[in-house]
Amino acid sequence: MVDRSHMTARVVPLSSDEASDPRMLGSVEDRLRAVAELTAEAWRLSGRPLPNYTRATMPIVCSTLADHAGSV
């Protein structure tokens, strides 16, 4: 089993250059549809049931780059 406890997601301001680079062509709706399809396929391939929690109780930890200064 893959250790996913250190997976990260990056949040950037919508006005930033990074936010304007979609990494995939198509409309926002096309990209959201692709994410939904890829997520469903990943869960199917894992053989595990879909998680059963609300957005408010998702098991995540929010941190900043400053929280990890010197660890890279």
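Everything in this summary refers to the structure shown in the same document. (Residues numbered from 1 in each chain as written. Predicted model: local features only at pLDDT ≥ 70, side-chain atom pairs only at ≥ 80, totals over all residues. Heavy atoms only, no water.)

### What to know about the environment of Pro51
Then, number 1: Within the fold, Pro51 resides in the segment after α1 (28-46).
Then, number 2: C-alpha of Pro51 to C-alpha of Gly26: the two residues are 25 residues apart in sequence and 29 Å apart in space. (Helix = DSSP H or I, 4+ residues; strand = E, 2+ residues; numbered from the N terminus.)

### A look at the side chain of Ser16
Then, number 1: Residue placement: Ser16 occurs in the segment before α1.
Then, number 2: By relative accessible area, Ser16 is classed as buried at 14%.
Then, number 3: In this structure the side chain of Ser16 is engaged in a polar contact, spanning 2.8 Å, whose partner is the backbone oxygen of Pro13. (Buried < 20%, exposed > 50% of the residue type's maximum accessible area, 1.4 Å probe, protein only. Polar contact = N/O pair within 3.5 Å; in protein donor to acceptor, adjacent residues only side chain to side chain.)

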